[in-house]
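Now for the letters of each chain:
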Amino acid sequence: MTLDKLTIHQPDDWHLHIRDGALMKAVLPSTINVFSRAIIMPNLDPPIRTIQEAIAYKKRILSALSKNNSFTPLMTLYLTNDISTATIEKGFKEGIFHACKLYPANATTNSSYGVTDFDAIENVYKIMESIGMPLLIHGEVTDRDVDIFDREKVFIDRHLSNLLYKHPKLKVVLEHITTEYATEFVQSSNFDLAATITPHHLHINRNAMFEGGLRSDFYCLPVAKRENNRLALRRAATSGKSCFFLGTDSAPHLRKSKKSSCGCAGIFNSTYALESYTQVFDNENSLTNLEKFASINGPEFYGLPLNKKHVTLEKKKHKIPEFISLDLEDGSQEKLVPFHAGEELSWKITKVG
Ligand code: NCD
Ligand code: ZN
């Protein structure tokens, strides 16, 4: 049976960067057009390290939304070497934080405040394990002598395995996985371990960064890997298994920061993310598993209810614009290149509600 129309519970984005200030205001409408909730990454500069900062950031997000928008930002705490366990416990129990984010120091954008010694924050893991608070991990080592294409695997072997054995009840999400090794590790784990998968890692392999020249629009962290990894990610995402769910890792950067001799890591994908994922599920003959990946597995892991509203997608070709123009508060204009720029996608959202 070929499906050309699909209605699913409204999805959530379990890994999202919306930045702050003028850029946030500008990207927000096109970022949350279809998602009901999103785990908001705390890697601002400076990052979200206190309850007060999270409350203030959430307020800024909510006040940037249009009046009748019911989008719910789910805030996270950025872990540092000296983060206080009292902040973690209080913030989680009071419903301010839904998770803590562990960035290995200098692994990615705004991660210089991150953790330098994973063993030194044992007290953090302990408290999180005891209160059932999810730990979200950017799973890459940063050692310069480890090849950038191996950093995820080395992180799993050196750090994640031990962490899970030491804290068997800890809820962990290995964020934006990029390797076959990670898909195997997650789905065969006996622990409370899940993973998010981005649309771009389902569509591109590492060649995209070098096609006809250096293409920073396809540069993100962890970097896309070889084709066998992309294929494994597609099998994992479309499997319907509860340990895999949607996390776009949409990460907008100003054009000048991408078009630079030292371009920033991050792909801005959220505007067409659901259509992008749907295309993958269609190509893999797994449209019936899309709802699990996009709308069910995430809330179940986080212990949240399913969204009441629904989203309808129809098989209708549409072209993704080369740029998304944004009007900044100061009157200037910014152009962001969306993922799939200039390409045609075959599924379109036709109804939310
Ligand atoms: C993200 C960003 O720009 O904030 N960049 C990225 O390449 N994914 C940070 C991150 O999630 O690594
Ligand atoms: Zn991210």
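A. Structural view of the packing of aromatic side chains. Inspection of every chain in the model, using the stated rule, returns 12 aromatic pairs. Each ring, one from Phe-245 and one from Phe-301, has its centre 5.7 Å from the other, and the planes form 45°; the classification is tilted. Pair noted here: Phe-245 is in strand β9 (residues 244-246) and Phe-301 is in helix α11 (residues 290-302), with a separation of 56 residues, a long-range link. Since its relative accessible area comes to 0%, Phe-245 is described here as buried. Its relative accessible area of 8% is what places Phe-301 among the buried residues. Chaining the aromatic ring pairs together yields one cluster made of Trp-14, Phe-245, Phe-301 and Tyr-302. One Lys or Arg, Lys-153, reaches over the ring of Tyr-181 and ends 4.6 Å from the middle of that ring.

B. Expanded view of the side chain of Ser-295. Among the secondary structure elements, Ser-295 is positioned in helix α11. Ser-295 sits in the buried class, given a relative accessible area of 0%. One polar contact links the side chain of Ser-295 to the main-chain carbonyl oxygen of His-9, over a distance of 2.6 Å.

C. Summary view of the pattern of salt bridges. As enumerated under the stated definition, the model contains 14 salt bridges in all. We note a salt bridge from Asp-20 to Arg-60, for which the minimum N-O separation is 2.8 Å. Of the two residues, Asp-20 is situated in the loop between β2 (13-16) and α1 (21-31) and Arg-60 in helix α2 (residues 51-64); the sequence distance between them amounts to 40 residues. Under the relative-accessibility criterion, Asp-20 is labelled partly exposed at 27%. A salt bridge links Asp-282 to Lys-315; its shortest N-O distance comes to 2.7 Å. Of this pair, Asp-282 sits in helix α10 (residues 273-283) while Lys-315 sits in strand β10 (residues 310-319), and the two are 33 residues apart along the sequence.

D. Quick look at the packing of helix α3 (residues 85-93) against helix α4 (residues 122-131). Running from N to C, α3 and α4 point in directions that differ by 20°, and their axes come no closer than 9 Å. Our classification of the angle between α3 and α4 gives roughly parallel. In this structure, the crossing between α3 and α4 has a hand that is right-handed. Where α3 abuts α4, its residues Thr-85, Ile-88, Glu-89, Phe-92 and Lys-93 lie against Asn-123, Val-124, Ile-127, Met-128 and Ile-131. When grouped by side-chain class, the residues that make up the contact of α3 with α4 number 6 nonpolar, 2 polar and 2 charged.

E. Summary view of the nonpolar core. Leu-79, Ile-88, Leu-135 and Leu-160 are the most contacted members of the largest nonpolar core, which has 77 residues in total. With 6 residues, helix α5 (residues 151-166) is the single largest residue contributor to this core. Apart from residues lying up to four places away in sequence, Leu-135 is in contact with Leu-79, Cys-100, Leu-102, Tyr-125, Met-128, Leu-163, Leu-170, Lys-171, Val-172 and Val-173. Judged by nonpolar contacts, the second largest core, of 13 residues, contains Ile-39, Val-173, Ala-194 and Phe-245.

Here is what the cut-offs are and how they apply
Residues numbered from 1 in each chain as written. Chains lettered and ligands numbered in written order. Predicted model: local features only at pLDDT ≥ 70, side-chain atom pairs only at ≥ 80, totals over all residues. Heavy atoms only, no water. Phe/Tyr/Trp six-rings, centres within 6.5 Å; stacked < 30°, edge-to-face > 60°. Helix = DSSP H or I, 4+ residues; strand = E, 2+ residues; numbered from the N terminus. Buried < 20%, exposed > 50% of the residue type's maximum accessible area, 1.4 Å probe, protein only. Lys NZ or Arg CZ within 6 Å of the ring centre and 35° of its normal. Polar contact = N/O pair within 3.5 Å; in protein donor to acceptor, adjacent residues only side chain to side chain. Salt bridge = Lys/Arg side-chain N within 4 Å of Asp/Glu carboxyl O. Axes fitted to C-alpha atoms, helices over the stretch in contact; angles between N-to-C directions. Parallel < 35°, antiparallel > 145°, perpendicular 65-115°, else oblique. Left-handed = near helix turned anticlockwise from the far one by under 90°. Contact = heavy atoms within 4.5 Å. Nonpolar A, V, L, I, M, F, W, Y, C, P; charged D, E, K, R; others polar. Core = buried A, V, L, I, M, F, W, Y, C linked by side-chain atoms within 4.5 Å.

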